[in-house]
Amino acid sequence: SAVISQKPSRDICQRGTSLTIQCQVDSQVTMMFWYRQQPGQSLTLIATANQGSEATYESGFVIDKFPISRPNLTFSTLTVSNMSPEDSSIYLCSAIALKHSGKGEQYFGPGTRLTVT
Amino acid sequence: QQQVKQSPQSLIVQKGGISIINCAYENTAFDYFPWYQQFPGKGPALLIAIRPDVSEKKEGRFTISFNKSAKQFSLHIMDSQPGDSATYFCAASMEYGNKLVFGAGTILRVKS
């Protein structure tokens, strides 16, 4: 398995500002993802964080709003830019644990609870 | 477009009873079906998962039943306990070890 930590765990931000969320995995992983979970809702994939290259975004999410970096196999950041109250949500990092096959189960971090005022 | 439909939205079960949550999918390219358990304020935790080459998988009190022809799969929690009270999500991916599509979630409450 993989143990995933996120920082910060929660934050309250002013509209128009940006917040960068960090995700650290304790072991080498293949793929890393960022999800959004609005209160009481399911998880929606924002993007796949690719090591050393631009992230792959899902429909409805764009790089200018959610820039993502992944400089190495165990670390990634998600920035929520020019925030509005609609961005208030839980942001979750996940990773696929590396196995001999190169594939594995997907594990999630504890989430970052963001409130935009 | 919701690719994985989950029901019921909420469920109340007596302690010791069986909790059953159902999911249906549309995309026949899906070939990996995990279930996650989420407690308030926590990230989802992988509970159990199945590939379509088997019809059932059991781990302790948790069982996944899979019906490939009907494109349905379900989670059964035997001898449900108050500690099982959580939100459960089914999910699917087109490849083991790839991005997931989640169902809407089921809030389970086990009454003692």
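Our subject in this report is the structure included herewith. (Residues numbered from 1 in each chain as written. Chains lettered and ligands numbered in written order. Predicted model: local features only at pLDDT ≥ 70, side-chain atom pairs only at ≥ 80, totals over all residues. Heavy atoms only, no water.)

1. With respect to the overall build of chain B
Argument step 1. The helix and strand tally for chain B stands at 0 helices and 11 strands.
Argument step 2. In chain B, the order of α-helices and β-strands from amino to carboxyl end is β-β-β-β-β-β-β-β-β-β-β.
Argument step 3. Seen through its principal axes, chain B has C-alpha atoms that stretch 40 × 30 × 20 Å.
Argument step 4. At a minimum sequence separation of 6, the contacts of chain B that also span at least 24 residues come to 54%. (Helix = DSSP H or I, 4+ residues; strand = E, 2+ residues; numbered from the N terminus. Contact = heavy atoms within 4.5 Å.)

2. Here's the deal with the packing of aromatic side chains
Each aromatic ring pair is specified by the distance between its two centres and by the angle formed by the two planes.
Argument step 1. For the structure shown, the criterion picks out 17 aromatic pairs over all chains.
Argument step 2. When the ring of Trp35 of chain B is compared with that of Phe73 of chain B, the centres are 5.7 Å apart and the planes differ by 70 degrees; the resulting orientation is edge-to-face. Residue Trp35 of chain B is found in strand 4 (residues 33–38), and its partner Phe73 of chain B is found in strand 8 (residues 72–77); the two are separated by 38 residues along the sequence.
Argument step 3. Residue classification places Trp35 of chain B among the buried positions, given a relative accessible area of 0%.
Argument step 4. An aromatic cluster is built from Phe33, Tyr35 and Phe108 of chain A together with Tyr36, Phe89 and Phe102 of chain B, whose rings are joined through pairwise contacts. (Phe/Tyr/Trp six-rings, centres within 6.5 Å; stacked < 30°, edge-to-face > 60°. Buried < 20%, exposed > 50% of the residue type's maximum accessible area, 1.4 Å probe, protein only.)

3. Looking at the sheet that holds strand 7 (residues 62–67) of chain B
Within a sheet, neighbouring strands are paired by backbone hydrogen bonds and run either parallel or antiparallel to one another.
Residue and element names in this part refer to chain B.
Argument step 1. Overall, antiparallel pairing links the 5 strands, which are arranged 1-3-8-7-6 in an open sheet. The sheet terminates laterally at strand 1 (4–7) and strand 6 (56–59), the two strands that pair on one side only. Each adjacent strand pair in this sheet contributes to an overall mean axis angle of 15 degrees, direction not counted.
Argument step 2. The sheet contact formed by strand 3 (residues 19–25) and strand 8 spans 6 bridges and is antiparallel. Looking across to strand 8, one finds that Ser19 is bridged to Ile77. (Pairing = 2+ DSSP bridges. Axes fitted to C-alpha atoms, helices over the stretch in contact; angles between N-to-C directions.)

4. With respect to the side chain of Thr79 of chain A
Residues and elements named next belong to chain A.
Argument step 1. Note on placement: Thr79 falls in strand 8 (residues 75–80).
Argument step 2. Since its relative accessible area comes to 15%, Thr79 is described here as buried.
Argument step 3. A polar contact is formed between the side chain of Thr79 and the side chain of Thr20, at a distance of 2.8 Å.
Argument step 4. With near-sequence residues (within four places) excluded, Thr79 lies in contact with Ser18, Leu19, Thr20, Lys65, Phe66 and Pro67. (Polar contact = N/O pair within 3.5 Å; in protein donor to acceptor, adjacent residues only side chain to side chain.)

5. Side note on the environment of Gln38 of chain A
All names here are of chain A.
Argument step 1. When you line up the elements, Gln38 lands in the loop between strand 4 (29–37) and strand 5 (43–49).
Argument step 2. The sequence separation of Gln38 and Val3 amounts to 35 residues, and the corresponding C-alpha distance is 23 Å.
Argument step 3. Filtering out sequence-adjacent residues up to four positions away, Gln38 remains in contact with Glu86 and Ser89.

6. Considering the layout of surface pockets
Argument step 1. In this structure, the largest pocket occupies an estimated 670 Å³ of space.
Argument step 2. As for the largest pocket, its lining consists of 28 residues, and the residues nearest its centre are Leu43, Thr44 and Leu45 of chain A together with Val101 and Phe102 of chain B.
Argument step 3. Within the residue set of the lining of the largest pocket, elements represented by two or more residues are strand 4 and strand 5 of chain A together with strand 10 (101–102) of chain B.
Argument step 4. Taken together, the residues that form the lining of the largest pocket break down as 11 nonpolar, 13 polar and 4 charged.
Argument step 5. One number sums up the size of the second largest pocket: a volume of about 560 Å³.
Argument step 6. Contributing to the lining of the second largest pocket are 26 residues, with Gln37 and Gly40 of chain A together with Gln38, Pro40 and Thr87 of chain B lying nearest its centre.
Argument step 7. Looking at the lining of the second largest pocket, the elements with two or more residues in it are strand 9 (89–97) and strand 11 (112–116) of chain A together with strand 9 (86–92) of chain B.
Argument step 8. For the lining of the second largest pocket, the class distribution of residues is 10 nonpolar, 13 polar and 3 charged. (1 Å grid on protein atoms, 1.4 Å probe; cavity = no way out; pocket = protein on both sides within 12 Å on 5 of 7 lines; lining within 4 Å. Points joined across faces, edges and corners; volume = space filled by probe spheres on them. Nonpolar A, V, L, I, M, F, W, Y, C, P; charged D, E, K, R; others polar.)

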